[in-house]
Every structure is written in C-alpha cells, then in structure tokens.
Amino acid sequence: MSGIYLVAAEASGDELAAEFIDAVRAVRPDMAFFGVGGAAMAERGVPSLLDISDLSIVGLFDGVKIFKLLRRRVEETAEDVVAKSPDAVVLVDSWGFTSRVAEQMKAIGAPGIPIKLVGPQVWATRPGRVKRLADTVDHVLCIHAFETPFYEPYGLPTTVIGNPAVSRAQLGDGAGFRARNGVAADAKLVGLLLGSRGAELRRVAPTLEAAAVKLCEGHPDRKVLCVAAPSVADAVKERSRDWRFPFILSTAPDEKSDAFNAMDMALSCSGTVTTELALQNTPMIVAYKIGWFSWALARAFLMKSKYITLLNVAAGAEIAPEFVQTRMTIDLVSDAGEKLLSSQGAAQTQIDAQNAALEAMGRGRRPAAEIAAETVLQLIAYRADIGG
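Our subject in this report is the structure included herewith. Because the structure is predicted, anything quoted here is derived from the model rather than measured.

**Focus: the sheet that holds strand 12 (residues 322-324)**
Next, step 1: Taking strand neighbours across the sheet as the criterion, the six strands line up as 9-8-7-10-11-12 in an open arrangement whose pairing is parallel. Single-partner strands in this sheet number two, and they are strand 9 (247-250) and strand 12. With strand direction ignored, the average angle separating the axes of adjacent strands in the sheet is 15 degrees.
Next, step 2: Strand direction decides the pairing type here: strand 7 (residues 188-193) and strand 10 (residues 265-269), joined by four bridges, are parallel. When the sheet's bridge partners are listed, Leu 193 is paired in strand 10 with Ser 268.
Next, step 3: With respect to the sheet, helix 14 (residues 272-279) is in contact with strand 7, strand 10 and strand 11 (284-288), its orientation differing from that of strand 10 by roughly 165 degrees.

**What to know about the pattern of salt bridges**
Next, step 1: Counting across every chain of the model gives 21 salt bridges.
Next, step 2: For Asp 30, the salt bridge goes to Arg 28, with nearest N and O atoms at 2.8 Å.
Next, step 3: We classify Asp 30 as exposed; its relative accessible area is 56%.
Next, step 4: Judged by its relative accessible area of 33%, Arg 28 falls in the partly exposed class.

**A closer look at the nonpolar core**
Next, step 1: Within the largest apolar cluster, 34 residues are counted, with the highest numbers of intra-cluster contacts made by Leu 192, Leu 194, Leu 208, Val 236, Phe 245, Leu 267 and Ile 285.
Next, step 2: Taken together, the elements giving at least two residues each to this core come down to strand 7, helix 11 (205-216), strand 8 (222-227), strand 10, strand 11 and helix 17 (330-342).
Next, step 3: The element contributing the most residues to this core is helix 11, with seven residues.
Next, step 4: Dropping the residues within four chain positions of it, Ile 285 is found in contact with Met 265, Ala 266, Leu 267, Ser 268, Pro 321, Phe 323, Val 333, Ala 336, Gly 337 and Leu 340.
Next, step 5: Of all hydrophobic cores here, the second largest spans 31 residues; its members include Phe 33, Val 46, Ala 88 and Leu 141.

**Examining the packing of aromatic side chains**
Next, step 1: Within this structure, the stated rule accounts for three aromatic pairs.
Next, step 2: Arranged with centres 4.9 Å apart and planes meeting at 85 degrees, the rings of Trp 243 and Phe 247 form a pair that is edge-to-face.
Next, step 3: Under the relative-accessibility criterion, Trp 243 is labelled buried at 11%.
Next, step 4: For the ring pair Phe 245 and Phe 247, a centre distance of 6.3 Å and an interplane angle of 80 degrees mean the geometry is edge-to-face.
Next, step 5: A relative accessible area of 6% means that Phe 245 is categorised as buried.

**Considering empty space enclosed by the protein**
Next, step 1: Using the criterion set out here, one finds one cavity of 30 Å³ or more in the structure.
Next, step 2: By volume, the largest cavity amounts to about 40 Å³.
Next, step 3: Surrounding the largest cavity, Leu 91, Trp 95, Thr 98, Ser 99, Ala 102, Glu 103, Lys 116, Arg 132, Leu 133 and Thr 136 form its lining.
Next, step 4: Every element with two or more residues in the lining of the largest cavity is listed here: helix 5 (95-108) and helix 6 (129-136).
Next, step 5: With five residues, helix 5 is the largest single contributor of residues to the lining of the largest cavity.
Next, step 6: Looking at the lining of the largest cavity residue by residue, the class counts come to four nonpolar, three polar and three charged.

**Observations concerning the sheet that holds strand 1 (residues 4-8)**
Next, step 1: The strand order across the open sheet built from six strands is 2-1-3-4-5-6, with neighbouring strands paired in parallel fashion. Pairing within the sheet leaves two strands with one partner each, and these edge strands are strand 2 (33-36) and strand 6 (158-160). The sheet shows a mean angle of 20 degrees between the axes of neighbouring strands, direction not considered.
Next, step 2: Pairing of strand 4 (residues 113-117) with strand 5 (residues 139-142), which is carried by three bridges, proceeds in the parallel orientation. Along strand 5, the bridge assignment pairs Ile 115 with His 139.
Next, step 3: Packing of helix 1 (residues 11-27) onto the sheet brings it into contact with strand 1, strand 2, strand 3 (88-92) and strand 4, and relative to strand 1 it is tilted by some 160 degrees.
Next, step 4: Its contacts with the sheet put helix 4 (residues 67-84) on strand 1, strand 2 and strand 3, and the angle it makes with strand 1 is roughly 165 degrees.

**Concerning the environment of Leu 340**
Next, step 1: If you trace the backbone, Leu 340 turns up in helix 17.
Next, step 2: Residue classification places Leu 340 among the buried residues on the basis of a relative accessible area of 7%.

**A few points about helix 17**
Next, step 1: An ideal rise of 1.5 Å per residue puts 18 Å on 13 residues; helix 17 measures up with 18 Å between its terminal C-alpha atoms.
Next, step 2: Turning to helix 17, its buried residues are Val 333, Ser 334, Ala 336, Gly 337, Leu 340 and Leu 341. The arc that holds the buried residues of helix 17, viewed along the axis, is 160 degrees, so those residues lie on one side. Pointing more than 90 degrees away from the buried face of helix 17 are the exposed residues Asp 335, Lys 339 and Ser 342.

**Describing the pairing of strand 11**
Next, step 1: Taken across its five residues, strand 11 has five buried, putting it largely inside the fold.
Next, step 2: Judged by which residues are buried, strand 11 turns out to be covered on both faces: Met 284, Val 286 and Tyr 288 on one side and Ile 285 and Ala 287 on the other are all buried.
Next, step 3: Across four bridges, the pairing between strand 10 and strand 11 is parallel. Bridge assignment links Cys 269 to a residue of strand 11, and that residue is Ala 287.
Next, step 4: Of the crossover connections in this fold, the one passing from strand 10 over helix 14 to the parallel strand 11 is right-handed.
Next, step 5: Relative to strand 12, strand 11 is paired through three bridges, and the arrangement is parallel. Opposite Tyr 288, over in strand 12, you have Val 324 as the bridge partner.

Cut-off values and rules
- Residues numbered from 1 in each chain as written.
- Predicted model: local features only at pLDDT ≥ 70, side-chain atom pairs only at ≥ 80, totals over all residues.
- Heavy atoms only, no water.
- Pairing = 2+ DSSP bridges.
- Helix = DSSP H or I, 4+ residues; strand = E, 2+ residues; numbered from the N terminus.
- Axes fitted to C-alpha atoms, helices over the stretch in contact; angles between N-to-C directions.
- Contact = heavy atoms within 4.5 Å.
- Salt bridge = Lys/Arg side-chain N within 4 Å of Asp/Glu carboxyl O.
- Buried < 20%, exposed > 50% of the residue type's maximum accessible area, 1.4 Å probe, protein only.
- Core = buried A, V, L, I, M, F, W, Y, C linked by side-chain atoms within 4.5 Å.
- Phe/Tyr/Trp six-rings, centres within 6.5 Å; stacked < 30°, edge-to-face > 60°.
- 1 Å grid on protein atoms, 1.4 Å probe; cavity = no way out; pocket = protein on both sides within 12 Å on 5 of 7 lines; lining within 4 Å.
- Points joined across faces, edges and corners; volume = space filled by probe spheres on them.
- Nonpolar A, V, L, I, M, F, W, Y, C, P; charged D, E, K, R; others polar.
- Expected span 1.5 Å × (residues − 1).
- Arc of directions from axis to C-beta.
- Right-handed = clockwise from strand over helix to strand, strands pointing away.

The values reported here are purely geometric and, on their own, carry no functional implication.
This is how it looks when you write it as structure tokens:
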C-alpha cells in the first residue's frame, strides 16, 4: 500500500504532522496517510494506531518507568509500518519515541524512506544523537540552518525548513477573546501554560500555580488565563478545582492564538509554546524542571547551550527570563512576572527583543510544513525513479 506513515507522539508533533498532511494534500490530494498521532491528525482523517497520551517522556527516570510500555508501543508501530508498506515514514519530533521506532524499523527491515521531521536539539545537548539518526534515517528536516554542520560529518542529508511555530505567525484576536469571556480591556490577564506532559504538570505546574496566586493577591483587576494542551486538558481541569485565583480555562485549540494575544504576560513551562507566545506579542517568564539525576547528568555531560528557550538561543541572550531547576522558585518567578505586569516599559522592551529573535528564526519566510512536504515528495519520487 503506498502512502506516507507519520509518527507523532506528542501534542506539538501532532500539530506539525497535521500541517504536513495539509501541505502534501495541497499538491497530492490522492496521497494516503497512516500512523500514530493525536487529535489534529484524526481531524484530517488519519486515526492513530495508539493512544499517544502515555508516550511523553521527560528525563531518564520517566523513561525507565514506562520502559516496557514504550517497547511494546515501538514494536506495534514498526509492525504496523510493515503492514501498511508506505513510501515514506516521517518521524515527527519526540526523540524518545521516534528514535526507538526508527531503530526497530531498521532491525526488522520495515519499508519506506525513514525521514526525521525536526531533528533533536543536538546544538544544545547530546550531540551523540546525530550518529543514532545517521544509522537509522535517510534524511533530516531541520528547523535551523545552524543545525546542519552537526550532520555533515556523518553524511546525513538535511533540509532546513524553518521553525514551524514561526510559520504559523497569524496575530490572534485578543480583544475578541476578552469580549467573549467578559474581561475588561484594561484588566490584566496573567497567562498560565503548564506544559503538555504529565511529568511537567508534576514538576513545573505547582510553582507556576503558586506564582499566579502571588501575582493576583491584592489585585482585583487581575485574572489568570490558562490554556491547556489537549494532551493534559483533563488533568489541568482537575487541578483547577484547587486554584485560589480567578481564572479562565481554555482547552479549545482553535482559540489558542486569540487567548495568547489577550494575555498581558505569561508564566510558561518551557517548550514550543514560548515561541507561540512571542508570536502573539506576549512577554513571558519561562520555567522548567526535570528529575535531579537527569539534570545532574545533563549539566555535567550533555548540555551545550546556555539557554533552554529557543528565543534566547536565537538572540544569544536571556530576553525571556528562565528559571530552571533550583532557580524555579515561587518568589523568583512571581517577582519576574510582577515586573512585566507593573512596568509597561519592561514588557515592551521584552516584546521588542522577542520580535527581533523571531526575525532571526525566519518569520515571514515560506511555511515550514510546505517545505517539508515538498522535500518528502521529492524523496519519494527519486526513490521511485531509481527503483528503490
């Protein structure tokens, strides 16, 4: 059976996979799709082989805890690739799952051109992952030009597609969101983004929630706006029962841009969402925490970048304040948030710096999904021409 098999094990990957499907169908409406994904792929008529909600992995010990389940899901995915016999297998983001699928596919001789859509952040940590990729995939679709030199020594072909989040740069209707939710134009909306993985809810959310409490205390004109990723929406709803601040909880993906644009500032877990916030002219505070053993290992041997937020990496400076591990405290996070809420000058300075970083990341260029689709179709056509 011809077609393209997609493997997207996390919410951000599911969104990118869906955009990729749209881009392919724009030029090849006859192309069939199969795979592993979430709600966005399902909306395009591509049901998932697996429930991806239990596949998100953060840190070494998290991987150990679900190792047996992970191995079973990897085997099931590779076997389904064999059954579907696609022209190409596009492994989207999510290194922990997709790298294992690629290795299993190679071990059993699964069909299809293996292609990695969004390579691992080897410029920031674990450059040894390049060799694993070179051993298991035929092409990598990178989001930054500065990634390509890491792959050259291994002879692994790359195509720079640009940052997918930047490609989605459409300004949301913040005023409309406020009007629909009864929020006055001069009220302060504090964004709360708790992550898209269960481990992030456990490790990062408590500090961000407590910081939100401090920011709202004594300020009746402030309200929290929490946007929950589909993968953790139910868990966030459960947490919200204990929140001690006025809030709006948004779980609808189609109103995310409007919600982000409505925020005066955001308390955010590190991830793709930080770029999405910047695209909506929202200044932010970034927080993150992983298991202590994983952190010690990363700091000692793995981390190559000074920053964890892509905006900061692109800028070469900490334009969005980062609070990681021991620095992720309630007081530090809330104090930084207060500065952005109480000083329009500070907020605007950060917005301007974020916009400069977005320009460096490729805002205004051709959509990443479009370039990815074109590249994959070219690889399929080339393989067909040579009879591979």
